[in-house]
Amino acid sequence: MAMDAKRNTNKRTDKNQNRDEEQNAAEAIKDMSRYLDLFLEMGKSMLEAGAEVYRVEDTIFRLCTAYGMKEIEIFAIRSLIILSVKDGEGKLYNNSKRIYEVGIHMGKLEEFNQASRLICAELPDLEEIADLLEKCRKARSVTRKETLLGYMLAAFSFACFFGGRLRDGAAGAVLGLLLFIMDQKLAKRCPQRLVYIVLVSAVLGFCGEFWGCLGLGFRPDKIMIGTIMLLIPGMAFMNSMRDMLSNNEINGLFSCLDVILTAGAIAVGFAVPLLLLGEM
C-alpha cells in the first residue's frame, strides 16, 4: 500500500511538473510573440513617420539582438514588414505588419529613434515598451501654430522666389493657410491619397485664378507655383534615389513610382482650372 501511494504521488508530481513546463513554455512563446509584435510596431510607426527602409530594418535588428534573439531575418518595404527570428533554444518565430499610410513627421521619428536606443540600453519589460511606444505616438514636437506658420511662410517664399512680387507672396500665404486647413480636416477622411491630391490641387488652382480675376495686379502663375511646391514630394524622391543607389532597388522603385503618381495627380489637379478658366 505504501508503495502504491508513493507511486501515485510520483505520478501526480510528474503531471504537475509537466503542466508547469507546458505553462512556462506557453508563456515564453506568448512573451516572444509579444516582443516581436512591439518591435514591429516600432518599425511600422517609424515608416509611417517617414523613416527610410534601411533605418527601420536596422532598428528592428538591434532591438531583437538586444533581447538575445538569433538568426534575425527582416524584409521591409513601404507597405509591409516581415520578421523571422529564433530564440535561444532554436525555436522559430514569425510575424509581420502591414503599413497603409506613410507620411513625414520628423519630430515623431526622432522620438522613436530615441526610444529604440533606450530600449536597447535598458532592456525594459513588455509593459514598459508598450507605454514608451504610446508616448512616442502621442508626442507632438511641433505645434499646430508652428505648422501653420510653416505652410504660409513656405508658400510666400516660393511665390516670391519664382518671380512673384510681395502681393503674390501674400496671396500664396493665404493659399498655404487654405492647404493647412484642408490637410487637417479632409486628408484623413479621404480614403485615396491621390484623389485627395487632385482635389486639393484643383481647389488651390481655382483660388489662384480667383486672385488674378480681382484686377489688383496679382499673377496667378506665381501664386500657384508657391502652393505647388508645398505638395511636391521632394524628400520621397531623394529617398527613392538613395535606395536605388544603395542596392535596395525594390523600395527605390516603389518610392519612385509613388512620386511619379503624386506629381501626376498634382498636374491633373492644377490643369483643371487652367483649362476651364484659361491663364489669367
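Residues numbered from 1 in each chain as written. Predicted model: local features only at pLDDT ≥ 70, side-chain atom pairs only at ≥ 80, totals over all residues. Heavy atoms only, no water.

Trainee: Please explain the overall build of the protein chain as it appears in this structure.
Mentor: A count of helices and strands for the protein chain gives 10 helices and 3 strands. Starting at the N terminus and walking to the C terminus, you meet the elements of the protein chain as α-α-β-β-β-α-α-α-α-α-α-α-α. By the burial criterion, 35% of the 280 residues in the protein chain qualify as buried. Taking all contacts inside the protein chain whose residues are at least 6 apart in sequence as the whole, residues at least 24 apart take part in 64%. In the form shown here, the protein chain has an accessible surface area of approximately 16600 Å², with 59% of it arising from carbon and sulfur atoms. (Helix = DSSP H or I, 4+ residues; strand = E, 2+ residues; numbered from the N terminus. Buried < 20%, exposed > 50% of the residue type's maximum accessible area, 1.4 Å probe, protein only. Contact = heavy atoms within 4.5 Å. Areas by Shrake-Rupley, 256 points an atom, 1.4 Å probe, with all protein chains shown as cover.)

Trainee: Even after reading the chapter, I still don't get the packing of helix H8 (residues 220–231) against helix H10 (residues 249–277), so can you show me in this structure?
Mentor: When two helices pack together, their arrangement is given by the angle between the helix axes and the distance between those axes. At a closest axis distance of 11 Å, the pairing of H8 and H10 adopts a crossing angle of 155°. By the angle between their axes, H8 is roughly antiparallel relative to H10. Remark: the crossing between H8 and H10 carries right-handed chirality. Residues Met 224, Thr 227, Ile 228 and Leu 231 of H8 touch H10, and the partners they reach there are Thr 262, Ile 266, Phe 270 and Leu 274. For the contact of H8 with H10, the class distribution of residues is 6 nonpolar, 2 polar and no charged. (Axes fitted to C-alpha atoms, helices over the stretch in contact; angles between N-to-C directions. Parallel < 35°, antiparallel > 145°, perpendicular 65-115°, else oblique. Left-handed = near helix turned anticlockwise from the far one by under 90°. Nonpolar A, V, L, I, M, F, W, Y, C, P; charged D, E, K, R; others polar.)

Trainee: Would you explain the pairing of strand E2 (residues 80–86) in this entry?
Mentor: Along any regular strand the residues' side chains alternate between the sheet's two faces. As paired elements, strand E1 (residues 70–77) and E2 share 6 bridges and run antiparallel to each other. Bridging from a neighbouring strand, Ala 76 pairs with Ile 81 of E2. The antiparallel hairpin formed by E1 and E2 contains 2 residues in its connecting segment. Pairing between E2 and strand E3 (residues 92–98): 7 bridges, direction antiparallel. (Pairing = 2+ DSSP bridges.)

Trainee: Where do I start with a nonpolar patch on the surface in this structure?
Mentor: There is a patch of nonpolar side chains on the surface, built from Phe 206, Val 268, Val 272, Leu 276 and Leu 277 and spanning about 430 Å² of accessible area. Checked against the element boundaries, Phe 206 lands in helix H7 (residues 193–213). Look at Phe 206 and you get partly exposed, because its relative accessible area is 33%. (Patch = residues over 30% accessible without salt bridge, like charges linked within 9 Å, V, L, I, M, F, W, Y side chains within 5 Å. Salt bridge = Lys/Arg side-chain N within 4 Å of Asp/Glu carboxyl O.)

Trainee: Teacher, can you tell me more about the packing of H7 against H10 here?
Mentor: Packing of H7 against H10 leaves a shortest axis separation of 8 Å and a crossing angle of 35°. The interaxial crossing formed by H7 with H10 has right-handed handedness.

Trainee: Looking at this structure, I do not really get the side chain of Ser 255. What am I missing?
Mentor: Within the secondary structure, Ser 255 sits in helix H10. Excluding residues that lie within four positions of it along the chain, Ser 255 makes contacts with Arg 78, Ala 236, Ser 240 and Asp 243.

Trainee: Help me out: how do you make sense of the nonpolar core in this one?
Mentor: A general feature of soluble globular proteins is that nonpolar side chains tend to end up buried together. Counting residues in hydrophobic clusters, the biggest one holds 33 residues, and the most contacted among them are Met 42, Cys 64, Met 69, Ile 81, Leu 83 and Val 85. Listing elements by their share of this core, those giving two or more residues are helix H1 (2–48), helix H2 (53–66), E1, E2, helix H3 (106–122) and helix H4 (126–138). Counting residues in each nonpolar core, the second largest holds 16 residues, with Leu 175, Ile 197, Leu 204 and Ile 266 among its members. (Core = buried A, V, L, I, M, F, W, Y, C linked by side-chain atoms within 4.5 Å.)

Trainee: How do you make sense of the environment of Glu 41 when you look at a structure like this?
Mentor: Tracing the chain through its elements places Glu 41 in helix H1. C-alpha of Glu 41 to C-alpha of Leu 133: the two residues are 92 residues apart in sequence and 8.2 Å apart in space. Here Glu 41 is in contact with Lys 97, Leu 133 and Arg 137, once residues within four sequence places are set aside. Within the local environment of Glu 41, its side chain forms a polar contact with the side chain of Arg 137, the two groups lying 3.0 Å apart. (Polar contact = N/O pair within 3.5 Å; in protein donor to acceptor, adjacent residues only side chain to side chain.)

Trainee: Is there a simple way to think about the pattern of salt bridges in this case?
Mentor: Between side chains of opposite charge, pairing is possible as soon as their charged atoms come close. Summed over the entire model, instances satisfying the criterion amount to 14 salt bridges. The partner of Arg 193 in a salt bridge is Asp 258, and the shortest N-O contact between them spans 2.4 Å. Here Arg 193, found in helix H7, pairs with Asp 258, found in helix H10; they are 65 residues apart in sequence, far enough to count as distant. With relative accessibility at 36%, the residue Arg 193 sits in the partly exposed group. Salt bridges linked by common partners bring Arg 34, Asp 37, Glu 41, Lys 97, Glu 134 and Arg 137 together as one network.

Trainee: Before we go on, may I ask you to explain the packing of aromatic side chains in this structure?
Mentor: What characterises a pair of aromatic rings is the spacing of the ring centres plus the angle enclosed by the ring planes. A complete count under the given rule lists 7 aromatic pairs for this structure. Ring geometry for Phe 158 and Phe 162: centres 6.4 Å apart, planes at 25°, overall stacked. Judged by its relative accessible area of 28%, Phe 158 falls in the partly exposed class. Ring geometry for Phe 161 and Phe 162: centres 5.1 Å apart, planes at 85°, overall edge-to-face. One aromatic cluster in this structure is built from Tyr 35, Phe 39 and Tyr 67. (Phe/Tyr/Trp six-rings, centres within 6.5 Å; stacked < 30°, edge-to-face > 60°.)

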